[in-house]
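Structural characterization, general
The lines below spell out each chain.
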Amino acid sequence: MIEAVVFDLDGVLIASEEVWDAVRERYVRERGGRYDADVQRAMMGMSAPEWSRFLHEDAGVQDEPVAINREVVELMLEAYRRELPLVPGAVEAVRRVAATFPLALASSSNREIFEAVLELAGVTDCFRATVSSEEVERGKPAPDVYLEAARRLGVAPESSAAVEDSHAGIRSAKSAGMRVVAIPNASYPPDEEALSLADAVVGSLDELTVDVLHG
């Protein structure tokens, strides 16, 4: 029996991967670094300390990781304040699920980013716990962020359902022992191997019902 639900943010509630991609690409190219499909895919699911270090060590950005993180975060916040790219049905889905289950957020985004997103979307009150992967040892696909979300909710991971869209996120939630409902990201779809790990696959947030979450 599912007792709690943990949402991912990027790609599930906001169509943010394109924004992250555009912001980081511009930042990296302006500093003479390398940005291509391999770099983009490698960073999916990484925590802020991980991708900042990756851009410095592997993509040729001379700035130190702390500075990389700070500048990219500021650019992301500016972009979201101009226009928040909510996925259709996101607010309704969160409120619908929150009416039945306690909710947590397990995000690879920095805390200041997802707190701004939840406030701008008007759903901060729906989440009893939030976790950024920068607050745990390892980012997705490691299970750390989902295990910490369950701990903060006070429930067993095995009694929780996760809502994910990406290969790294599906693997993260599954390795934490959670039931995984996948909503495949249309722009950056999970690979078939990762998708096969999901317990349920739905086409949109409109299909995310209590019955689907319970299984």
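Predicted, not measured: the structure shown is a model, and the values here were computed from it.

Before going further, it helps to spend a moment on the sheet that holds strand β4 (residues 160–164). By way of backbone hydrogen bonds, the strands of a sheet pair with one another, either parallel or antiparallel. Spatially, β3-β2-β1-β4-β5-β6 is the arrangement adopted by the six strands of the open sheet, whose pairing is parallel. Looking along the sheet, the strands with just one partner apiece sit at the ends: β3 (127–132) and β6 (200–201). On top of the sheet, helix α6 (residues 111–121) reaches β2 (103–107) and β3; it is set at about 150° to β3, its chief contact.

Residues Glu74, Glu78, Glu112 and Glu134 make up a contiguous surface patch of negative charge. You can see glutamate 112 is positioned in helix α6. You can call glutamate 112 partly exposed: its relative accessible area is 48%.

Moving on, we get to the nonpolar core. Grouped together as the largest cluster of nonpolar side chains are 56 residues, with contacts concentrated most on Phe7, Leu13, Leu55 and Phe127. Among the elements that line this core, the one with the most residues is helix α4 (residues 65–82), at eight residues. Look past the residues within four positions of leucine 13 in its chain and what remains in contact with it is Phe7, Asp8, Leu86, Val87, Ala90, Val94, Leu105, Phe127 and Leu205. Counting 22 residues, the second-largest nonpolar core is a separate cluster that includes Val131, Ala149, Val155 and Val180.

Burial of β2 is extensive: five of the five residues sit out of reach of the surface. Where strand β1 (residues 4–7) and β2 come together, three bridges link them in parallel fashion. In the strand pairing of β2, valine 6 is matched with alanine 104. Sheet topology note: the β2/β3 ladder contains five bridges and is parallel. Note that in β3 the partner of leucine 105 across the bridge is threonine 130. A crossover connection joins β2 to the parallel β3 through α6; in handedness this β-α-β unit is right-handed.

Take helix α8 (residues 167–175) next. Every α-helix winds through 3.6 residues per turn, so residues three or four apart in the chain are directed the same way. Among the residues of α8, those classed as buried are His167, Ala168, Gly169, Ile170, Ser172 and Ala173. Taken together, the buried residues of α8 touch α2 (37–43), α7 (144–153), β4, β5 (179–182) and α9 (192–195).

This part covers the pattern of salt bridges. This structure, assessed with the given rule, holds 19 salt bridges. Across the salt bridge formed by aspartate 191 and arginine 41, the nearest N and O atoms sit 3.7 Å from each other. Note that aspartate 191 is positioned in the loop between β5 and α9 and arginine 41 in helix α2, a separation of 150 residues in sequence. For aspartate 191, a relative accessible area of 25% corresponds to the partly exposed category. One salt bridge in this structure joins aspartate 191 and arginine 171, with 3.4 Å as the shortest N-O distance. Of the two residues, aspartate 191 sits in the loop between β5 and α9 while arginine 171 sits in helix α8, which places them 20 residues apart along the sequence.

Parameters at a glance
Residues numbered from 1 in each chain as written. Predicted model: local features only at pLDDT ≥ 70, side-chain atom pairs only at ≥ 80, totals over all residues. Heavy atoms only, no water. Pairing = 2+ DSSP bridges. Helix = DSSP H or I, 4+ residues; strand = E, 2+ residues; numbered from the N terminus. Contact = heavy atoms within 4.5 Å. Axes fitted to C-alpha atoms, helices over the stretch in contact; angles between N-to-C directions. Patch = residues over 30% accessible without salt bridge, like charges linked within 9 Å, V, L, I, M, F, W, Y side chains within 5 Å. Areas by Shrake-Rupley, 256 points an atom, 1.4 Å probe, with all protein chains shown as cover. Salt bridge = Lys/Arg side-chain N within 4 Å of Asp/Glu carboxyl O. Lys, Arg positive; Asp, Glu negative; His and termini not counted. Charge placed at Lys NZ, Arg CZ, Asp CG, Glu CD. Buried < 20%, exposed > 50% of the residue type's maximum accessible area, 1.4 Å probe, protein only. Core = buried A, V, L, I, M, F, W, Y, C linked by side-chain atoms within 4.5 Å. Right-handed = clockwise from strand over helix to strand, strands pointing away.

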